[in-house]
Amino acid sequence: MKWISDLLDIIFPRSCAVCGKSLSSGERDICINCLMDLPRIPAYTIGNPIEKLFYGILPVERVASYIHYTKESPYNNLIHRAKYSDRPEIGERMATTATSELIKQDFFTGIDIIIPLPLSKKKKEQRGYNQCDYIAQGISKITGIPIDNSSVIRHIANETQTHKHREERWKNVENIFSTTNAEALNGKHILLVDDVLTTGATLTSCGRAILHAAPDARISIFTLACAGKSI
């Protein structure tokens, strides 16, 4: 009931993850003003600049991201809260919104399964969740495409990519993924899902592991955000 929601807002005031202002009862995570100014990436097109990041390194069918990501932007708080602040539902809601827009552009047509980029067992236990699982759930809610989070694993707990240079990122993710059920992947059009696309190194490593085990699979990629220098 609305009075309960209003009372909770008084006791536990909610604030916009971007500007910090108090949210009204009808707003979630982000205020209407910040939502209107969300740094959306233009509508998906074949051969867009994000897709071209993978040309020559990983055969991809389609690649799309939802918003621009730059270090100085306050919109980074959305991704940070979803990833590190025990607020993964933010990622799910963002993915739902992005999917509602991309589905109109046939981005998800023909995709058979969604694979959230796996975390290592150690990192998932430390964090308590994999934020990519929630992003995948947001996509699945709109499209009905099933999620497969067991056929690919991250068997090496590599160091964080956050402070590494481009060459270090690529070396850091070599051979960290493996498949557990190649039969479930072969012949499938797979959507790999991650939170932020920077160099594409981690997604490429995961995609290569899939194609090595299941050479007849096809790969598409979606991320919530794409780093500014990447596009």
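Right above here is the structure, for reference.
Let me begin by describing the structure that accompanies this report. (Residues numbered from 1 in each chain as written. Predicted model: local features only at pLDDT ≥ 70, side-chain atom pairs only at ≥ 80, totals over all residues. Heavy atoms only, no water.)

1. Considerations on the overall build of the protein
Next, step 1: Scanning the protein from terminus to terminus reveals nine helices and six strands.
Next, step 2: Buried residues in the protein amount to 47% of all 231 residues.
Next, step 3: Restricting the contact set of the protein to residue pairs at least 6 apart, pairs at least 24 apart contribute 75%.
Next, step 4: Total accessible area computed for the protein in this model is approximately 12000 Å², and 53% of it derives from carbon and sulfur atoms. (Helix = DSSP H or I, 4+ residues; strand = E, 2+ residues; numbered from the N terminus. Buried < 20%, exposed > 50% of the residue type's maximum accessible area, 1.4 Å probe, protein only. Contact = heavy atoms within 4.5 Å. Areas by Shrake-Rupley, 256 points an atom, 1.4 Å probe, with all protein chains shown as cover.)

2. Side note on the pairing of strand S6 (residues 218-227)
Next, step 1: The buried count for S6 comes to nine of 10 residues, which makes it a mostly enclosed element.
Next, step 2: Pairing between strand S1 (residues 63-69) and S6: six bridges, direction parallel. Paired with Ser65 across the bridge in S6 is Thr223.
Next, step 3: One crossover worth recording links strand S5 (residues 189-197) to the parallel S6 by way of helix H9 (residues 201-213), and it is right-handed. (Pairing = 2+ DSSP bridges. Right-handed = clockwise from strand over helix to strand, strands pointing away.)

3. Some remarks on the packing of aromatic side chains
Next, step 1: Counted according to the given criterion, the structure contains three aromatic pairs.
Next, step 2: Where Tyr44 meets Phe107, the ring centres are 5.1 Å apart and the plane angle is 75 degrees; that geometry is what we call edge-to-face. Of this pair, Tyr44 sits in the loop between helix H2 (32-36) and helix H3 (49-52) while Phe107 sits in the loop between helix H5 (88-102) and strand S2 (113-116), and the two are 63 residues apart along the sequence. Residues Tyr44 and Phe107 agree in their burial class; the two are buried.
Next, step 3: When the centroid spacing of 5.1 Å and the interplanar angle of 90 degrees are considered together, the rings of Phe107 and Phe108 count as edge-to-face. The same class applies to Phe107 as to Phe108, namely buried.
Next, step 4: Taken together, the ring pairs in this structure connect Tyr44, Phe107 and Phe108 into an aromatic cluster. (Phe/Tyr/Trp six-rings, centres within 6.5 Å; stacked < 30°, edge-to-face > 60°.)

4. As for the sheet that holds S1
Next, step 1: Taken together, the four strands give an open sheet; going across it, the order is S1-S6-S5-S2, and neighbouring strands pair in parallel fashion. The open sheet has two free edges, formed respectively by S1 and S2, since each of these has just one partner strand. Ignoring strand direction, the axes of neighbouring strands in this sheet form an average angle of 20 degrees.
Next, step 2: Taken together, the eight bridges between S5 and S6 define a ladder with parallel strand orientation. Its bridge partner lying in S6, Val193 is registered against Phe222. (Axes fitted to C-alpha atoms, helices over the stretch in contact; angles between N-to-C directions.)

5. Re the environment of Ile90
Next, step 1: Mapped onto the secondary structure, Ile90 falls in helix H5.
Next, step 2: In this structure the C-alpha to C-alpha distance between Ile90 and Ile30, which are 60 residues apart in sequence, comes to 9.5 Å.
Next, step 3: Setting aside residues no more than four positions away along its own chain, Ile90 makes contact with Asp29, Leu78, Arg81 and Ala82.

6. Examining the packing of helix H4 (residues 76-84) against H5
Next, step 1: It is at 6 Å that the axes of H4 and H5 come closest, and there the two elements cross at 125 degrees. Relative to H5, the element H4 lies oblique. Contact residues: H4 offers Leu78, Ile79, Arg81 and Ala82, while H5 offers Pro88, Ile90, Gly91 and Met94.
Next, step 2: Per-class residue counts for the contact of H4 with H5 are six nonpolar, one polar and one charged. (Parallel < 35°, antiparallel > 145°, perpendicular 65-115°, else oblique. Nonpolar A, V, L, I, M, F, W, Y, C, P; charged D, E, K, R; others polar.)

7. Concerning the pattern of salt bridges
Next, step 1: For the structure on display, the rule yields eight salt bridges.
Next, step 2: Salt-bridge contacts for Glu89 lead to Arg87; the nearest nitrogen and oxygen are separated by 2.4 Å.
Next, step 3: By relative accessible area, Glu89 is classed as partly exposed at 24%.
Next, step 4: A salt bridge links Asp133 to Lys124; the nearest nitrogen and oxygen atoms lie 3.6 Å apart.
Next, step 5: Take Asp133: its relative accessible area is 13%, and that puts it in the buried class.
Next, step 6: By relative accessible area, Lys124 is classed as partly exposed at 38%.
Next, step 7: The network of salt bridges with shared partners includes Asp29, Arg87, Glu89 and Arg93. (Salt bridge = Lys/Arg side-chain N within 4 Å of Asp/Glu carboxyl O.)

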